[in-house]
Amino acid sequence: MSKFIPYAQQWVDEADIRAVVKVLKSDWLTQGPKIAEFEKDVADYTGAKYAVAVSSGTAALHCACLSADIKKGDEVITTPITFAASANSVLYCGAKPVFADIKPDTWNINPKEIERKISSKTRAIIPVDFTGQPADLDEIKKIARKHKLVVIEDAAHAMGAIYKGKKVGGLSDLTILSFHPVKHVTTGEGGMILTNNFHYYQKLLMIRTHGITRRKDLLTKDEGSWYYEMHHLGYNYRLTDFQCALGLNQLKRLNQFLARRRSIVTQYNEAFKKIKEITIPYETSGVNSAWHLYIIRVKSNRREIFEALRRKKIQVNVHYIPVYYHPYYRKLGYKKGICSNAERYYEEAMTLPLFPKMTDSDVDYVIKIVKNVIGLYRK
């Protein structure tokens, strides 16, 4: 097989294209009726009371931090095993990210390490549902309530995941989703903030649109039907109507996408569970991962195996480099050694292709080549 297999890929069908074209031919391109429709459908799906669509998952994180009033001098605890945006959103607010180590089995942030990193400056916790598996939300919420902290759940990997019988989305003070092409539902770029808190919801609506409102109950005065006021230093984080049309149509297939992801994971687990050089991912009891990523840990020769798989046209990847390893964070004073489990994980982690459009022959090819390459480096 000469086919190139990416680690992830969107699945846009003809119905998706028709939905987008219909909006492009309408009177609305930016903030039209599809925005509210998409927000409602995602809120209904996840069980959240309120949803605010924005231009990216990163914008969603930034808006969530701003709505929680994170500011200069504050500290926010998060995991180092995440995309940089989880921590960057804290920096955008002038606050300081504090990294807590991960659990060695799930690779999610360790609640005990969160507790250890809390200081008088701590204002929030950003747990990441890494690979699609929800973090220990009950323990994290218990810590947050004890210390009066806000929980901003980064569920960019976890749309459709289930935690103790409930879908991710309405379980934390604020939850963010991403609709990047490699995620479960795509709008091209896009994101969303979910909350059950009406105060956060009102503020989020303003933050995404320059901090401006036209709501009469929020105006300090009323000079006419044209009148509006800026109440916050907001941003232009608006999503478009045609992007939401795509998201709405994708949402119809989310359960199909989730089932296919789980089917591929089952095939991978069965193929790799007895290979001593590989550690397969762990799924906590009582949790249904959304399986955004399938990550194995390779006990030795990770780089050589990685490059050999790439030569075979399997686009393996590594998720993630610990955030504080990046040069920008090193300049801020972060040093290697602060999260030992995360650092050990990074030395061994390798992401295999996982996306709903994968065929069974694609999956079989990945399994065959991984086994062959691992065999070549067997001691």
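To be clear, the structure that these remarks concern was listed above.
What you are looking at is a predicted structure, and each value in this text was computed from that prediction instead of being measured.

Colleague: Explain the overall build of the protein chain to me, and be specific about the residues and the numbers.
Modeller: Across its full length, the protein chain carries 13 helices and 15 strands. Against the compact-globule benchmark of 21 Å for 379 residues, the protein chain has a radius of gyration of 21 Å, which places it among compact chains. Overall, the protein chain is about 80 × 55 × 40 Å in size when its C-alpha atoms are taken along their principal axes. Going through the 379 residues of the protein chain one by one, you find that 57% of them count as buried. Contacts spanning at least 24 positions in sequence make up 72% of the contacts within the protein chain whose residues lie at least 6 apart. Taken as a whole, the protein chain presents about 17,100 Å² of accessible surface, with 52% of it coming from carbon and sulfur. Side-chain charges in the protein chain split into 58 positive and 39 negative, and the spacing between the mean points of these groups amounts to 4 Å.

Colleague: Residues and numbers for the nonpolar core, please.
Modeller: Counting residues in each nonpolar core, the largest one holds 31 residues, and the members touching the most others are Tyr268, Phe272, Tyr294 and Leu309. Every element with two or more residues in this core is listed here: helix H9 (254-272), strand S14 (294-298), helix H10 (302-311), strand S15 (349-352) and helix H13 (360-376). Sort the elements by how many residues they give to this core and H13 lands first, with 8 residues. Each residue touching tyrosine 294, except ones within four places of it in the same chain, is listed here: Val265, Tyr268, Asn269, Phe272, Ile280, Pro281, Met350, Thr351, Leu352 and Leu354.

Colleague: Provide a residue-level description of the sheet that holds strand S5 (residues 150-154), including the pertinent values.
Modeller: Strands belonging to one sheet form pairs held by backbone hydrogen bonds; the direction of such a pair is parallel or antiparallel. On the basis of which strands lie adjacent, the open sheet formed by 7 strands has the order S1-S9-S8-S5-S4-S2-S3 and mixed pairing. Unpaired on one side and paired on the other, strand S1 (50-54) and strand S3 (96-99) mark the two borders of the sheet. Across this sheet, the average inter-strand angle for adjacent strands is 25 degrees, counted without regard to direction. In the packing of helix H4 (residues 85-92) onto the sheet, contacts are made with strand S2 (75-78), S3, strand S4 (122-126) and S5, and the angle to S3 comes to roughly 145 degrees. Along the sheet face, helix H7 (residues 198-207) touches S1, S5, strand S8 (174-178) and strand S9 (191-195) and points at about 20 degrees away from the line of S1.

Cut-offs and rules
- Residues numbered from 1 in each chain as written.
- Predicted model: local features only at pLDDT ≥ 70, side-chain atom pairs only at ≥ 80, totals over all residues.
- Heavy atoms only, no water.
- Helix = DSSP H or I, 4+ residues; strand = E, 2+ residues; numbered from the N terminus.
- Rg over C-alpha atoms; globule rule 2.2 N^0.38 Å.
- Buried < 20%, exposed > 50% of the residue type's maximum accessible area, 1.4 Å probe, protein only.
- Contact = heavy atoms within 4.5 Å.
- Areas by Shrake-Rupley, 256 points an atom, 1.4 Å probe, with all protein chains shown as cover.
- Lys, Arg positive; Asp, Glu negative; His and termini not counted.
- Charge placed at Lys NZ, Arg CZ, Asp CG, Glu CD.
- Core = buried A, V, L, I, M, F, W, Y, C linked by side-chain atoms within 4.5 Å.
- Pairing = 2+ DSSP bridges.
- Axes fitted to C-alpha atoms, helices over the stretch in contact; angles between N-to-C directions.

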